[in-house]
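# Coordinate analysis (summary)
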Amino acid sequence: MGTLKSGIYFLQGSEACAEAAIMVGCRFFAGYPITPATEIAEHMAKRLPQIGGIAIQMEDEIASIGAVIGASWAGAKGMTATSGPGFSLMQESIGYAFMTETPCVIVDVQRAGPSTGQATKCGQGDVMQSRWGTHGDYSAVVLSPNSVQEMFDLTVRAFNLAEKYRTPVVLLSDEVTAHMRERVVIPPIKKVEIINRKKPKRGDKAFFGLEEVPPMPSVGEGFNVAVTGSTHNEYGIRFTADPLVHRKLVERLNGKIQNHIGEIADVESYKIDDCQIGIVSYGCTSRAIYDVIEAAETKGVKVGYVRLKTLWPFPDEIIKKLAETANKIIVPEMNLRQIFYEVKRAAEGQAQVIPMNKIGGGELITPEELLDKILEEAKKGND
Amino acid sequence: MTEAFSVKQYLRDLKLPFCPGCGAFTVINAFLKAVYESGYTDLSKFVFCSGIGCSSWIPSPYFKADSIHTLHGRSIPVATGVKLMRPNLNVVVFGGDGDIVGIGLSHFIHAARRNLDVLVIMVNNMIYGMTGGQVAPTTPFKTKTTTTPYGSFEHPLDAAKLAVTAGANYAARWTTAHQNELKEAVKKALEMKGFRFIEVVSQCPTAFGRRAGFKDAGEMVRWFKVNSITIKQTKNLNEEDIAKKIVVGEFIQKRRPTLIETIYNTIKEAQKTEEN
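Residues numbered from 1 in each chain as written. Chains lettered and ligands numbered in written order. Predicted model: local features only at pLDDT ≥ 70, side-chain atom pairs only at ≥ 80, totals over all residues. Heavy atoms only, no water.

Taken in spatial order, the nine strands of this open sheet run 10(A)-2(B)-1(B)-3(B)-4(B)-6(B)-5(B)-8(B)-7(B), and their pairing is mixed. Only two strands of the sheet have a single neighbouring strand rather than two, namely strand 10 (226–228) of chain A together with strand 7 (228–230) of chain B. When strand polarity is set aside, the average angle formed by the axes of neighbouring strands in this sheet is 20°. (Pairing = 2+ DSSP bridges. Helix = DSSP H or I, 4+ residues; strand = E, 2+ residues; numbered from the N terminus. Axes fitted to C-alpha atoms, helices over the stretch in contact; angles between N-to-C directions.)

In structure tokens:
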């Protein structure tokens, strides 16, 4: 069996993620068991050998992402999957992948933290860790699927962004999105956009600069590439004391993400130019939106929304637009306010931004609760 | 081999960063001479992975080769990914004692258990040198370091023995006073498969020797020479006396199926099952 044939399937989110990875060319997986992400490792362990790829269970999450980074320099597309505690352990290596411009995909199936927390229950508490988890100045690329279909589509996109920008990309899933089963449309492989890293030409020597996204050789190709997480010049040579070398490198690394927010930051929006109440939501929580729009309208409240399919880099512009129209913006999240502050910052006081938070036991924010909140805020009017 | 051996043919045109008298110079020389005598005129068939610490700078970026200078303790996981996806390359890990059997110990044990096809060369200077001389998991009992100012109250780890226990195909220990034996060990290891481990007890005159009472690097190397005993010689000694010595030699040499063999066989089997 090769890649999944096109058609309509009934898949678990984890399976959709694994199949998408395989379809986009992932041939290396390393992981460590952790609830609720283990299904991805299990599916990769079954499927990758069938198509000549390698799946290996490492001794911990640090080793897992290390092996993925090594595989990436060996020319492979690699992925690992984990949940909060493992994601914490991977943070140093995520910074290394960013600094060394190593394309790779990290799936974080969020559960309820902090610490061991509620391992089997859904949460959205890793939003800020996915942005700021590693040390130093960096820019994260983080995608947020809200359905099994998007576990497929955004996994494809995660690999493409990783390869295009030579950077680690996080698929920030959650227990609900990864565990539920839904209808998924798998396109024929010819219709799937597959981006591969730019390779150097013979004689090229600058693999860490000169261009915004430099070409990436693999080891064993004769380029004598020197990879280091220490500050380095365009040729990979360490310069750990020169302020200019550091500035130039770290500004370029951040710039290659921040200069392309328009392309990277993908959202789904609805009536943002004609609404009274706005909603900004993402991941499993955003599934409640679709059920409340009509119900709110029948009660005379116009609702528009922005659903963040990309959390980082944050799409300031569209939030600004929403804030120009809506009087109030509600931000439902399964954490104690994380994206809320970003929305508030981007809204720049143009609209009142209202948090709506629920944690524990994996209880989602229900459409009923969201509708009640919308109606309550509409009734209250502006503060 | 018509040309005479010169380390320069394998090195970039950069100034090496090591202190005067550092054992790294000896390790570089012995390793590259072994490479030369094994018939490699360049390092194009090699990939070097290293972590953080003085000896992690041996290959990176000084070797004219592909080198991946990873995080502290994480060279072996990165080498795992490289080797699995590029099985035809010689993957060699360089690291210090803190890097390989301190922070990275778990990876070391598991790589040996898996019999991962890499050669790990651990330069054991018995100290954290780069950070200025703190106690290491290999520091001899009662040695004064900056974090054990009254002498170390812990006993050191025997990394070569641990490699044997964990399942390595090859494990040897030499010192910088045994340049020829070290070179021969590298040559032998390069011809073998599976997990191969060479520990080189090395002098750090700057961060270890100074506080431990050695006059200079030369005195340390002489001490290595007179204080080393062979594995055979340990048979007549008790544990306490052995602990005071540096036991040198080959601890194991065997041919257990390697990770590359078993993992690629598994892929073949999975594909066969799929066809039926």
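Further notes follow.
Let's shift gears to unusual backbone geometry. The omega torsion across Gly113(A) and Pro114(A) is 5°, close enough to zero to call that bond cis. Structurally, Pro114(A) can be placed in the loop between strand 5 (104–112) and strand 6 (118–122). For the peptide bond that leads from Ser60(B) to Pro61(B), omega is -5°, which places it in the cis range. Following the sequence through the fold, Pro61(B) ends up in the loop between strand 1 (46–50) and strand 2 (66–69). A positive phi angle is found at Asn224(A), which is not glycine, with a value near 50°. Mapped onto the secondary structure, Asn224(A) falls in the loop between strand 9 (181–186) and strand 10.

Attention now goes to the sheet that holds strand 11 (residues 267–270) of chain A. Neighbouring strands of a sheet are bound in pairs by backbone hydrogen bonds; such pairs are parallel or else antiparallel. All names here are of chain A. Strand order across the open sheet formed by five strands is 11-13-12-15-16, with mixed pairing between neighbours. Both edges of this open sheet fall to strand 11 and strand 16 (352–357), since each of them pairs with a single strand only. The mean inter-strand angle of the sheet, taken between neighbouring strand axes irrespective of direction, is 15°. Running over the sheet, helix 10 (residues 289–298) touches strand 11, strand 12 (277–281) and strand 13 (303–308) and is turned about 170° from strand 13. Packed on one face of the sheet, helix 13 (residues 367–380) meets strand 12, strand 13, strand 15 (328–333) and strand 16 and runs near 155° to strand 15. (Contact = heavy atoms within 4.5 Å.)

Here the focus is the pairing of strand 4 (residues 119–124) of chain B. Residue and element names in this part refer to chain B. With respect to burial, strand 4 is a largely interior element, six of its six residues being buried. Both faces of strand 4 are covered, namely the face carrying Leu-119, Ile-121 and Val-123 and the face carrying Val-120, Met-122 and Asn-124. Pairing analysis gives six bridges linking strand 4 to strand 6 (residues 196–201), with the strands arranged parallel. Bridge pairing in strand 6 links Leu-119 to Arg-196. (Buried < 20%, exposed > 50% of the residue type's maximum accessible area, 1.4 Å probe, protein only.)

Turning to the interface of chain A and chain B, a few remarks are in order. Counting from both sides, the interface comprises 40 residues of chain A and, opposite them, 36 residues of chain B. In terms of surface lost to chain B, no three residues of chain A exceed Glu59(A), Asn224(A) and Arg238(A), which account for 20% of the buried area on that side. Seen at the junction of chain A and chain B, the total is two salt bridges. Arg86(B) serves as the salt-bridge partner of Glu221(A), at 3.8 Å between the closest nitrogen and oxygen. Summed over the shared surface of chain A and chain B, the result is 16 residue pairs in polar contact (both at pLDDT 80 or more). Elements with a minimum of two residues in the side of chain A that touches chain B: strand 2 (26–31), helix 2 (38–50), strand 3 (54–57), helix 3 (61–73), helix 4 (84–99) and strand 10 of chain A. (Buried area = accessible area lost by both parts, 1.4 Å probe. Salt bridge = Lys/Arg side-chain N within 4 Å of Asp/Glu carboxyl O. Polar contact = N/O pair within 3.5 Å; in protein donor to acceptor, adjacent residues only side chain to side chain.)

With that out of the way, let us pick up the pairing of strand 2 of chain B. Regular strands have side chains that alternate between both faces of the sheet. By the alternation rule, side chains of strand 2 of chain B split into Asp66(B) and Ile68(B) and Ser67(B) and His69(B), which are all buried. Both strand 10 of chain A and strand 2 of chain B contribute to a ladder of three bridges, which runs parallel. The residue bridging Ala226(A) from the neighbouring strand is Ser67(B), located in strand 2 of chain B. The pairing of strand 1 of chain B with strand 2 of chain B spans four bridges and is parallel.

Now for the domain arrangement of chain A. Residue and element names in this part refer to chain A. Considered domain by domain, chain A is made up of domain 1 (7–191) and domain 2 (268–380). Measuring from the centre of the C-alpha atoms in domain 1 to the corresponding centre in domain 2 gives 27 Å. Contacts between the two partners involve 28 residues from domain 1, matched on the other side by 24 residues from domain 2. Where domain 1 abuts domain 2, roughly 2,000 Å² becomes buried across the two surfaces, and 52% of that area is made up of carbon and sulfur atoms. Contact with domain 2 buries area across many residues of domain 1, yet Gln-124, Ser-144 and Asn-146 alone supply 33% of it, more than any other trio. Remark: the boundary between domain 1 and domain 2 carries three salt bridges. Between Glu-150 and Lys-309 there is a salt bridge, with its nearest N and O atoms 3.8 Å apart. Across the domain 1-domain 2 interface, the total number found is 22 residue pairs in polar contact (both at pLDDT 80 or more). If you list the elements that add at least two residues to the side of domain 1 that touches domain 2, you get strand 6, helix 5 (127–132), strand 7 (141–143), helix 6 (148–165), strand 8 (168–174) and helix 7 (175–179). (Domains from an automatic or database assignment.)

This brings us to helix 4 of chain A. Residues and elements named next belong to chain A. Taking 1.5 Å per residue, 16 residues should reach 22 Å; helix 4 reaches 22 Å between its end C-alpha atoms and fits that length. The largest bend in helix 4 comes to about 45°, at Gln-91. Buried residues dominate helix 4, accounting for 12 of its 16 residues. For helix 4, every residue scored as buried is listed here: Gly-84, Gly-86, Phe-87, Met-90, Gln-91, Ser-93, Ile-94, Gly-95, Tyr-96, Ala-97, Phe-98 and Met-99. (Expected span 1.5 Å × (residues − 1). Bend = angle between axes of the 7 residues up to and from the residue.)

What follows concerns the layout of surface pockets. Gaps left between atoms show up when a probe the size of a water molecule is rolled over them. All names here are of chain B. What the largest pocket holds in volume is close to 830 Å³. The wall of the largest pocket is formed by 27 residues, among which Pro-156, Ile-242, Ala-243, Lys-244 and Lys-245 lie closest to the centre. With four residues, helix 9 (residues 239–243) is the single largest residue contributor to the lining of the largest pocket. Residue classes in the lining of the largest pocket are distributed as 14 nonpolar, five polar and eight charged. Considering only enclosed or pocket space, the second largest pocket measures out at about 490 Å³ in volume. In this structure, the second largest pocket is lined by 31 residues; those nearest its centre are Gly-53, Cys-54, Asn-125, Gly-129 and Met-130. Of all the elements in the fold, those that place two or more residues in the lining of the second largest pocket are helix 3 (97–103) and helix 7 (205–212). It is helix 7 that provides the largest number of residues to the lining of the second largest pocket, a total of four residues. (1 Å grid on protein atoms, 1.4 Å probe; cavity = no way out; pocket = protein on both sides within 12 Å on 5 of 7 lines; lining within 4 Å. Points joined across faces, edges and corners; volume = space filled by probe spheres on them. Nonpolar A, V, L, I, M, F, W, Y, C, P; charged D, E, K, R; others polar.)

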